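The chain contents come next:
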Amino acid sequence: LRRVLSVGGGMKRSASGMSMNSVNSSSEVDSCMKKVGSVGSMKRCASGNSLNNINIRRALSSGNNLNALEKQKENAENTKNHLHIDLKSIQNGEDRNDSDFVDDNTFKQRLLRGITTILRSRLLMTIFTYNALYATTTVLLSFQRAELVANRSTSNSVENDTAFLANINIASSIAVFALQASGLGAFIANSFGQRGTLSLMPMVRLIGVAILAIWHVKGGGKPPNLVLFLVLDEFTKVINFAVAKPVRENLWRGLSNEARYEAKPIVDTLANRWGGGTAAFLMSLLDRIMVHTGMGETIEDGTKSLLGFPPLLILCSISVVWWFIVSADLGHIRHRIDIELKKQE
């Protein structure tokens, strides 16, 4: 029995050493790859399948040492008695109080673990920034979109504008479904690769902003054509849902449970709110700065211009350039993690 237990212990120690080396190498790439012991594993270790019962079975199968068998039975009886006493004392409230136990599965604890995981991981912080910048550019252009729709005709009512936008959304949804159902979206993602697809969204948005800026210059400061603006804006949304979003979801592959189940909901929700709020705040701040400092100029129709362009396009251009840089960094980080995962296989 001693020889068997010693061999088993040596195997466990060697296996634990290999797992620790794997954890250390993974955590050097990014902290969100680090695996930690779960509560479920501790519960399995603390289950009713004790070592005493296992040793009894081994002794019965060997049949060479009856004294060891009797000793194991005595130990099992003593353990059972101790467990009965502990259970009775717990029920009577003599040894422990409910305040001694800390529930680490509450909403507050999960939220704190998720935030901590995000702050410690460069990959998760980069994903958060990537999603926030996409939301920022979308909200900035939505201001221009609402203005163009409202001014497209003086005879249109609110109901007509709502119906018009609903038809546009239906058309873009059909385009997304067609790309996904036909497999063309997956083909585009495979052709560009993960790093190229991550940079595809900022590139499409940058091209759209550049076309709007050229229209502004050629038109002498006039707002862009509504049809042109909707084509550029909806095309970006179609590429996002049909091509880029599945690739972004694949960024969470191979990460720890804390990253996938506690940090991911925070990233998905907070990044969009953060980006939208930042866009509205920057527009309000820039407008107040221009009013109080006299920067820029006001055109005859009441719109403001900064450096010859609308302030909205300037903020959107800065956000898109930053977004493109973040996408390149995100692809590089994920590429390093993929290399580390292949080494572990």
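Below you will find a few notes about this structure. (Residues numbered from 1 in each chain as written. Predicted model: local features only at pLDDT ≥ 70, side-chain atom pairs only at ≥ 80, totals over all residues. Heavy atoms only, no water.)

**A word on the overall build of the protein chain**
Then, in step 1: Looking only at helices and strands, the protein chain has 11 helices and 2 strands in total.
Then, in step 2: Taken from the N to the C terminus, the helices and strands of the protein chain come in the order α-α-α-α-α-α-α-α-α-α-β-β-α.
Then, in step 3: Burial analysis of the protein chain (345 residues in total) assigns 32% to the buried set.
Then, in step 4: Within the protein chain, contacts between residues separated by at least 24 positions form 76% of all contacts whose residues are at least 6 apart in sequence.
Then, in step 5: When the accessible surface of the protein chain is split by element, carbon and sulfur atoms take 61% of a total near 21800 Å². (Helix = DSSP H or I, 4+ residues; strand = E, 2+ residues; numbered from the N terminus. Buried < 20%, exposed > 50% of the residue type's maximum accessible area, 1.4 Å probe, protein only. Contact = heavy atoms within 4.5 Å. Areas by Shrake-Rupley, 256 points an atom, 1.4 Å probe, with all protein chains shown as cover.)

**Observations regarding the packing of aromatic side chains**
Describing an aromatic ring pair means giving the distance of the ring centres and the angle of the ring planes.
Then, in step 1: A complete count under the given rule lists 3 aromatic pairs for this structure.
Then, in step 2: Relative to Trp 323, the ring of Tyr 130 has its centre 5.7 Å away and its plane inclined at 70 degrees; by these criteria the two rings are edge-to-face. With a gap of 193 residues between them, Tyr 130 in helix 6 (residues 122-150) and Trp 323 in helix 11 (residues 311-344) connect regions that are remote in the sequence.
Then, in step 3: For Trp 323, a relative accessible area of 0% translates into the label buried.
Then, in step 4: When the ring of Tyr 134 is compared with that of Trp 323, the centres are 5.5 Å apart and the planes differ by 50 degrees; the resulting orientation is tilted. One end of the pair, Tyr 134, is in helix 6; the other, Trp 323, is in helix 11, and 189 residues separate them in sequence.
Then, in step 5: We classify Tyr 134 as buried; its relative accessible area is 13%.
Then, in step 6: Within the aromatic cluster, the residues linked to one another by ring pairs are Tyr 130, Tyr 134 and Trp 323.
Then, in step 7: The positively charged end of Arg 248 is found above the aromatic ring belonging to Tyr 134, 6.0 Å away from the centroid. (Phe/Tyr/Trp six-rings, centres within 6.5 Å; stacked < 30°, edge-to-face > 60°. Lys NZ or Arg CZ within 6 Å of the ring centre and 35° of its normal.)

**Some details on the pattern of salt bridges**
Then, in step 1: One pass over the full model with this rule turns up 11 salt bridges.
Then, in step 2: The partner of Asp 268 in a salt bridge is Lys 264, with the nearest N and O atoms 2.7 Å apart. Of this pair, Asp 268 and Lys 264 both sit in helix 10 (residues 257-293), 4 residues apart, which is roughly one turn of that helix. (Salt bridge = Lys/Arg side-chain N within 4 Å of Asp/Glu carboxyl O.)

**Things to note about helix 5 (residues 107-120)**
Then, in step 1: Spanning 14 residues, helix 5 covers 20 Å between terminal C-alpha atoms, matching the ideal 20 Å at 1.5 Å per step.
Then, in step 2: Those residues of helix 5 not exposed but buried are Gly 114, Thr 117 and Ile 118. Along the axis of helix 5, the buried residues cluster in a sector spanning 100 degrees; they form a single face. The exposed residues of helix 5 that point more than 90 degrees off its buried face are Lys 108, Leu 119 and Arg 120.
Then, in step 3: Where helix 5 is buried, its residues touch helix 6 and helix 10. (Expected span 1.5 Å × (residues − 1). Arc of directions from axis to C-beta.)

**Let's talk about a nonpolar patch on the surface**
Then, in step 1: A grouping of Met 203, Leu 206, Ile 207, Ile 211, Val 321, Trp 322, Phe 324 and Ile 325 is seen on the molecular surface, where their side chains present a nonpolar patch of about 690 Å² in accessible area.
Then, in step 2: When contributions to the nonpolar patch are tallied by element, the ones reaching two or more residues are helix 8 (184-218) and helix 11.
Then, in step 3: Inspection of the secondary structure assignment puts Met 203 in helix 8.
Then, in step 4: Of the residues examined, Met 203 reaches a relative accessible area of 36% and is grouped as partly exposed. (Patch = residues over 30% accessible without salt bridge, like charges linked within 9 Å, V, L, I, M, F, W, Y side chains within 5 Å.)

**Observations concerning the packing of helix 5 against helix 6**
Then, in step 1: It is the contact of helix 5 with helix 6, at a shortest axis distance of 5 Å, that shows an interaxial angle of 95 degrees. Judged on the interaxial angle alone, helix 6 and helix 5 are roughly perpendicular. Along its contact with helix 5, which presents Thr 117, Ile 118, Leu 119 and Arg 120, the element helix 6 presents Arg 122, Leu 124 and Met 125.
Then, in step 2: Classifying every residue of the contact of helix 5 with helix 6 by side-chain character gives 4 nonpolar, 1 polar and 2 charged. (Axes fitted to C-alpha atoms, helices over the stretch in contact; angles between N-to-C directions. Parallel < 35°, antiparallel > 145°, perpendicular 65-115°, else oblique. Nonpolar A, V, L, I, M, F, W, Y, C, P; charged D, E, K, R; others polar.)

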